[in-house]
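Here is what each chain is made of, one letter per residue.
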Amino acid sequence: MKKWQHHRDNNHAFCILPFSQSHINTDGSCHVCCVGDWDHALSRDITKEGILNIWRGDKYKKIRQQMLAGERPAVCQGCYNLDDAAGGSDRSLLTNNFHDPHKDWDIDIEAGNTDGIPSWLDWRPGNFCNLKCRMCFPSASSGLMDELIDNKELNPYYGHDGYEIGNWLDNPDRFEEFKKIIPYVNKLKIAGGEPMFMQGVINMFRYCVDNDIAKNINLDITTNGTRKQGKVLKMLTEFRSLWINFSIDGIADSHDYIRYPSKIKEILKHYKEYQEIAKTSILMTVQMYNIFEIPSVIEWWYENNKHHNFEHYHKINFNFVIVPKDLDIRLLPAKYKKQVLDEINQVLERIQLSEEMQRKSRIADIIQRLSTEHVFTGDESKEIGSKNNLNEIQRRKQFVKRTIQFDIIRNQSIRSLDPRLVDVFETWEKQYA
C-alpha cells in the first residue's frame, strides 16, 4: 500500500489536494484549493513568485506536514466542519475518488509528490465573463466588476469600488512554466470567469494539441454554456477525455434571474449539443433564489438523461452558497424547508436514484441541510468567511436589501420567481426594510 492510500484509509485529517493539485484563482492568487479559507492564500501573486516555487515552498510544506501528522490545518477547516456534521466535503469526496497518475507516484512533504510537480491543475486564468451571477464576485466576473464600477452603491456587498484584473496566464514567464508543468499533468480543470472566451485558455488548449500532449490529459471545463460549438470546441475533442460542467441554476425563471443576462432556453439547447462531444454535468449552485426549483431541476436532468448511463456520463452536481451569507439556504423558514424536502423526496422516489448517486451529487447534503434546524448566531467561527459573520436577522435584512438593489439596477423582479420565495421576501421586507 502506498503512503497516500494509507493516509486516505486511516487519517481523517488527510486530503490529497495539497499533494496533487495546484489551484490558482482569477486574480493570480494561489490557494490550497477552491474551497480553502481564502483569507490565508499561499501566494497573492503567482506572476512574481512562480508556480513551482510556491508548490515547493514553506506554506505548502507546513500544510502537508500537519495533515500527515493527523492535524487539521486551519485553512481547511471548512471541509472538516462539513465532514463532522454530515459528510460530503470536497476533501472526502476528492480524496476517496483519487487515482494516482502512474504506478510510481506517491506523496511527499517537500515536493508534494514523487514527480515534484502537481498532477492536477485547477486554474482560473482570469475573470473575463459575460454574465453577472448574483452569488458571484467581481474577482470572478468582469461583468460584475463593470457593474460595480458603474454602481458604487454595491460596494457593501463586495468591499471595494472595483479594480482591474488581468489574465495572469498572459504573463510570458507563467506560460513558459505552464509548458514545463503540463507534461506531468493528467487532469486539467479550467474555470473562470468564462474560460470559453479567454484567449489565454484557448492558447493553453492549442499548445496541448499542437504538442501531442492533449491525448494524455483529462480536460474538465466549467462553463456558463453561452458559447456555441465552433473551432474551440472541435479542438477540445483531441483531449483524452472531456468533461463539460454546465452552470445551470434552474430550468425556469430563477436561472435567468440569477445568471443575468443568460437565457435558460438557449443554455439547455447548448447543453444537449455539447453532449454529442463530451461527458457533461449540470452544476447547480444552491441558494435562496433557486431553492424551490431544485426538485424540478433533478427531474428535468433525469428525464433528459435516463436513456444515457447518467451515473457515469451525464451527471448532476450541487454546490452550496455559503458566501454571500444572506443567500445560504439554511435561512429558509422551516415550513418551506419541509415543502422543498418533501418535493425532493417525491422526485427521488419516482426516479429511484441510488443512495450512492444521491451522495456523490450532493443531493443528500441538500436533504441534510433542509432537515436540520439552524439559527445563525453570528458566531459561526469555523465557517468560511467567518471574519464577516452575520446573525439570522442581519442575514435576512441583507437578503432584502441585496434583492431590491440588484433588481433596480437590472430591471428585474424577485416577484417573477416562485410565490413561496416571494412570500419569504415580502415577509422579511415588512419586518426589516
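Anything mentioned here points back to the structure above.
Quantities reported herein were computed from a predicted structural model and do not represent experimental measurements.

Asker: Can you break down helix H11 (residues 199-210) residue by residue, with the values?
Answerer: Here H11 is 12 residues long and its end C-alpha atoms lie 16 Å apart, about the 16 Å a rise of 1.5 Å per residue gives. Considered for burial, the residues of H11 that qualify are Gly200, Val201, Ile202, Met204, Phe205 and Cys208. Looking one or two residues beyond H11, the residue adopting positive phi is Asp212, at roughly 60°.

Asker: Quick rundown of the nonpolar core? Include the residues and the values.
Answerer: Formed by 116 residues in total, the largest nonpolar core has its most connected members in Trp123, Phe205 and Ile344. At 7 residues, the largest contribution of residues to this core is made by helix H16 (residues 334-351). Beyond its immediate chain neighbours, meaning those up to four positions away, Ile344 contacts Ile294, Pro295, Ile298, Ile363, Ile366, Ile367 and Leu370. If you look at the next biggest cluster of nonpolar residues, it comprises 6 residues, including Leu154, Tyr157, Tyr158 and Phe406.

Asker: Outline the pairing of strand E12 (residues 314-320), listing residues and values.
Answerer: Burial along E12 is one-sided: the residues His314, Ile316, Phe318 and Phe320 are buried and none of Lys315, Asn317 and Asn319 is. Looking at chain direction, strand E11 (residues 279-286) and E12 are connected through 7 bridges and run parallel. Bridge assignment links Ser281 to a residue of E12, and that residue is Lys315. Of the crossover connections in this fold, the one passing from E11 over helix H15 (residues 294-305) to the parallel E12 is right-handed.

Asker: For the pattern of salt bridges, give the residues involved together with the corresponding values.
Answerer: Taken as a whole and assessed by the stated rule, the structure comprises 28 salt bridges. The salt bridge partner of Asp9 is Arg8, with a shortest N-O separation of 2.8 Å. Arg8 sits in the partly exposed class, given a relative accessible area of 27%. Residue Arg415 pairs with Glu429 through a salt bridge whose shortest N-O separation is 3.5 Å. With Arg415 in the loop between helix H19 (392-410) and helix H20 (419-432) and Glu429 in helix H20, this residue pair connects regions lying 14 residues apart in the sequence. Using a relative accessible area of 25% as the deciding quantity, one classes Glu429 as partly exposed. If you follow the salt bridges from partner to partner, you end up with Glu299, Glu303, Lys306 and Arg350 in one network.

Asker: Run through the packing of aromatic side chains, naming residues and quoting values.
Answerer: Under the defined criterion, the tally for this structure stands at 21 aromatic pairs. Their ring planes at 85° and their centres at 6.4 Å tell us that Phe175 and Tyr207 sit as a pair that is edge-to-face. One end of the pair, Phe175, is in helix H10 (residues 172-181); the other, Tyr207, is in helix H11, with 32 residues separating them in the sequence. Here the aromatic rings of Tyr271 and Trp300 are separated by 5.8 Å at their centres, their planes lie at 50°, and the arrangement is tilted. Of this pair, Tyr271 sits in helix H14 (residues 264-274) while Trp300 sits in helix H15, placing them 29 residues apart in sequence. The same class applies to Tyr271 as to Trp300, namely buried. Clustering of aromatic rings is evident, with ring pairs tying together Trp123, Trp168, Phe175, Phe178 and Tyr207. Positioned above the aromatic ring of Trp55 is the side chain of Arg64, whose terminal nitrogen or guanidinium carbon lies 4.6 Å from the ring centre.

Thresholds, definitions, all that
Starting afresh in each chain, residues are numbered from 1 along the sequence in its written order. Restriction of local features to residues with pLDDT of at least 70 applies here, the model being predicted, together with a cutoff of 80 or more for giving and counting side-chain atom pairs; totals for whole chains, interfaces and linings are based on all residues. Derived side-chain values reflect all non-hydrogen atoms in the structure, with water molecules and hydrogen atoms excluded from consideration. Runs of H or I in DSSP of at least four residues are treated as helices and runs of E of at least two as strands, each being numbered from the N terminus. One fewer than the residue count of a helix, multiplied by 1.5 Å, yields its expected span. Each residue's exposure class comes from its accessible area (1.4 Å probe, protein chains only) as a fraction of the maximum for that residue type: buried when under 20%, exposed when over 50%, partly exposed otherwise. The set of buried Ala, Val, Leu, Ile, Met, Phe, Trp, Tyr and Cys residues whose side-chain atoms join them within 4.5 Å is what this entry labels a nonpolar core. Note on definitions: a residue-residue contact is assigned when non-hydrogen atoms from the two residues lie within 4.5 Å. Here the rule is simple: two strands pair whenever DSSP picks up at least two bridges between them. With strands facing away from the observer, any crossover in which the path from the first strand over the helix to the second runs clockwise is taken as right-handed. Any carboxyl oxygen of Asp or Glu within 4 Å of a side-chain nitrogen of Lys or Arg constitutes a salt bridge here. Centres within 6.5 Å make a pair out of two Phe, Tyr or Trp rings, where for Trp the six-membered ring is used; the pair is then stacked when the planes are under 30 degrees apart, edge-to-face when over 60, and tilted otherwise. Whether a charge sits over a ring comes down to the Lys NZ or Arg CZ being within 6 Å of the ring centre and within 35 degrees of the ring normal.

Everything listed here is a matter of geometry and, on its own, says nothing about what the molecule does.
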